[in-house]
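So you can see what is in the structure, the chains are spelled out below.
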Amino acid sequence: QVRLAESGGGLVQPGGSLRLSCAASGNIFSIDAMGWSRQPPGKQREWVATISSGGRITYADSVKGRFMLSRDNAKKVSLQMNSLTPEDTAVYYCQTVGRNELGSQFEAWGQGTQVTVSS
């Protein structure tokens, strides 16, 4: 079983910054990609950013230039969020895909961390 531990959410004023972290643990042989999605209140979940095992990073247009995804180590990523606006308010979910030690593919989601941008 793969577990994702998220941290770093909270309340921030418009224009401020927050940093989210996500650490994977459990039956992991390799990780193909890690990233973040978010679910604004009353809306569907939307993809935010992904980093592949090869280091390729992609962003949703809505966060490009403001958010920066980085890999701290093979099983941990961080999302630096700058110039936050109220439209960034959402529950942020970490996601990962990879293979376990038996070679089977897995997909795992974290429980989510609340980010609220408000004055």
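Residues numbered from 1 in each chain as written. Predicted model: local features only at pLDDT ≥ 70, side-chain atom pairs only at ≥ 80, totals over all residues. Heavy atoms only, no water.

### A short note on the side chain of threonine 89
(1) Moving on: With respect to the helices and strands, threonine 89 occurs in the loop between strand 8 (76–81) and strand 9 (90–99).
(2) Moving on: At a separation of 3.0 Å, a polar atom in the side chain of threonine 89 contacts the main-chain carbonyl oxygen of proline 86.
(3) Moving on: For threonine 89, the side chain forms a polar contact with the main-chain nitrogen of valine 117, separated by 2.9 Å.
(4) Moving on: If we ignore the near neighbours within four places in the chain, the residues touching threonine 89 are Pro40, Pro41, Gln114, Val115, Thr116 and Val117. (Helix = DSSP H or I, 4+ residues; strand = E, 2+ residues; numbered from the N terminus. Polar contact = N/O pair within 3.5 Å; in protein donor to acceptor, adjacent residues only side chain to side chain. Contact = heavy atoms within 4.5 Å.)

### Topic: the sheet that holds strand 1 (residues 2–7)
(1) Moving on: One open sheet holds the 4 strands; their spatial order is 1-3-8-7, and the pairing between them is antiparallel. At either margin of the open sheet sits one strand with a lone partner, and together these are strand 1 and strand 7 (67–73). Each strand of the sheet is rotated relative to its neighbour by a mean of 20°, with strand direction disregarded.
(2) Moving on: Taken together, the 6 bridges between strand 7 and strand 8 define a ladder with antiparallel strand orientation. Across the sheet, arginine 71 pairs through a bridge with valine 77, a residue of strand 8. (Pairing = 2+ DSSP bridges. Axes fitted to C-alpha atoms, helices over the stretch in contact; angles between N-to-C directions.)

### Topic: the state of the cysteines
Covalent bonding between the sulfur atoms of two cysteines is what defines a disulfide.
(1) Moving on: All chains considered together, the criterion is met by 1 disulfide.
(2) Moving on: Residue cysteine 22 pairs covalently with cysteine 94 via a disulfide, S to S 2.0 Å. Across the S-S bond linking cysteine 22 and cysteine 94, the dihedral sits near -85°, which makes this disulfide left-handed. Of this pair, cysteine 22 sits in strand 3 (residues 18–26) while cysteine 94 sits in strand 9, and the two are 72 residues apart along the sequence. As far as burial versus exposure is concerned, cysteine 22 and cysteine 94 are alike and both buried. (Disulfide = S-S within 2.5 Å. Buried < 20%, exposed > 50% of the residue type's maximum accessible area, 1.4 Å probe, protein only.)

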